[in-house]
Amino acid sequence: MNDPLAEMEAQAAARSGKSHKPPKVAPPQPRRERAPREAKGAGGGSRVFAPRQARVQLWQDQEDWLREVVSDALRSGVRIGDSEVIRLAVARLQRDGRSWEAMEAELLDEKRARVDRQTRRL
Amino acid sequence: MVKAPIITVVSPKGGQGKTTLAYELAALFHAVLLDLDWDLGGATGMWGDDPENRVRSAVLHGLVSGDGPLPRVLHATGRPDLVPSDSRLAEISPDPAVVTDRLTTWASAWDRPLVVDTHPGTGSIADGAMSAASVVAVPVIIGSRELEALGGFLRRVGSTGLPLVIVPSRWRALKSEQRLLGMLTKWARGSGIPATPPVADYPWIPRRYRRGALVLVENPGAEVARAAENYRAVGRALLDVLRKEPDHE
């Protein structure tokens, strides 16, 4: 390292945000106007999202993993909702040649091994 | 040969934004981030590494014995290069001189800047890391109790000639904070300890960017760009201080 400070300055300049690549996704489109409530029929119309009780309960590890998928997607500029998260998660698993069940089993094994290690330590 | 700079991040209290600052600075300067904070919730966890799985630790071995292999550096896209922490650091109390020697040796072997994150407060590891430092960054929240703790810390270490720099942290631009920041800046100027521009409070960082460094986010939105610019401004201020250090003159 000849002049470490010059090098640090160059590294910081390279991360100055000015030399970033143009966004890969199309710019966001204006939102569609909402249909008036009465047009949806009796009861306020159909629900778009599944009710809270029907959502899958995730373990912390799974949640962390999904969050990583989501933040990767956000970083690449993709705007996503719940169904998109699942689609991305499944696509990533398929790309890695794995299934959701296999991932669950793997996490469970890891968790068991961790508990075993901790118990042995006590 | 000019030695690779070592930036040690210390704080007299926890929760001052120390880990986030160390994480962002390491990413900004393409430095190696050495995590010497043994508590959970530090840079190692933020990075996504689990040191529990390791039996041997080159960091632990090096700090205790003063020799041994060079610690392995972990790499991942969007994150700083990391030498992970070890929970057993809590159980050792190495000679600060050995810590200083190890950090200097490792930094020159990697031939890259080194950013060291320490456990809150002082102790033999933090003392050794501060002695090795080209600059010691001290993040502090602009609140009365935090500044009281900073005062106590500076009374203990301020007279030792360490290259301290205060980094006002988690800034919310409240009226009370503005008054205290004015006082701090004035006091810092008088005492010869420089202060960097403040880093604003971004409570969404741990939630949205758990693992990635903000300064490495490609195509950042306005919020991320603003937060990253805060850390860049701190980086520029630290470079200014480093330029004035005797090693670099």
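Keep in mind the model is a prediction, meaning the values are calculated, not measured.

Some remarks on unusual backbone geometry
Backbone geometry follows two general trends: most residues other than glycine have a negative phi, and most peptide bonds adopt the trans configuration.
All names here are of chain B.
Item 1. Despite not being glycine, Asp 111 has its phi angle at roughly 55°, a positive value.
Item 2. Tracing the backbone through its elements, the reader meets Asp 111 in the loop between helix H4 (96-110) and strand S4 (114-118).
Item 3. In the Ramachandran plot, Arg 170 falls in the positive-phi region, its phi being about 50° despite a non-glycine side chain.

Topic: the packing of H4(B) against helix H5 (residues 124-132) of chain B
Residue and element names in this part refer to chain B.
Item 1. The interhelical angle for the contact between H4 and H5, taken along N-to-C directions, is 50°, at an axis separation of 7 Å. With respect to H5, the element H4 is oriented oblique. For the crossing formed where H4 meets H5, the hand is right-handed. On the side of H4, the interface is formed by Pro 96, Val 99, Thr 100, Leu 103 and Thr 104, while H5 contributes Ser 124, Ile 125, Asp 127, Gly 128, Ala 129, Ser 131 and Ala 132.

Brief notes about helix H1 (residues 4-14) of chain A
Item 1. Every buried residue of H1(A) is accounted for by A:Pro4, A:Leu5, A:Met8 and A:Ala12. Angularly, the buried residues of H1(A) cover 100° about the axis, an arc narrow enough to put them on a single face.

Considering the environment of B:Pro163
All names here are of chain B.
Item 1. Here Pro 163 shows up in the loop between helix H6 (144-157) and strand S6 (164-169).
Item 2. On a C-alpha basis, the gap between Pro 163 and Ile 7 in space is 9.9 Å, while along the polypeptide they are 156 residues apart.
Item 3. Among residues more than four places away in sequence, those in contact with Pro 163 are Ala 133, Ser 134, Val 135, Val 136 and Glu 245.

Focus on the nonpolar core
Item 1. With 43 residues, the main nonpolar core has B:Ile7, B:Leu21, B:Leu25, B:Phe29, B:Leu33, B:Val115 and B:Leu214 as its most contacted residues.
Item 2. Secondary structure elements with two or more residues in this core: H1 of chain A together with strand S1 (6-9), helix H1 (18-28), helix H2 (43-47), strand S5 (135-141), S6 and helix H9 (222-244) of chain B.
Item 3. Looking at this core element by element, the count peaks at nine residues for H9(B).
Item 4. Among all residues touching B:Leu21, those that are not within four sequence positions of it are B:Val9, B:Ala137, B:Pro139, B:Val167, B:Tyr231 and B:Val234.

Conventions used here
- Residues numbered from 1 in each chain as written.
- Chains lettered and ligands numbered in written order.
- Predicted model: local features only at pLDDT ≥ 70, side-chain atom pairs only at ≥ 80, totals over all residues.
- Heavy atoms only, no water.
- Helix = DSSP H or I, 4+ residues; strand = E, 2+ residues; numbered from the N terminus.
- Axes fitted to C-alpha atoms, helices over the stretch in contact; angles between N-to-C directions.
- Parallel < 35°, antiparallel > 145°, perpendicular 65-115°, else oblique.
- Left-handed = near helix turned anticlockwise from the far one by under 90°.
- Contact = heavy atoms within 4.5 Å.
- Buried < 20%, exposed > 50% of the residue type's maximum accessible area, 1.4 Å probe, protein only.
- Arc of directions from axis to C-beta.
- Core = buried A, V, L, I, M, F, W, Y, C linked by side-chain atoms within 4.5 Å.

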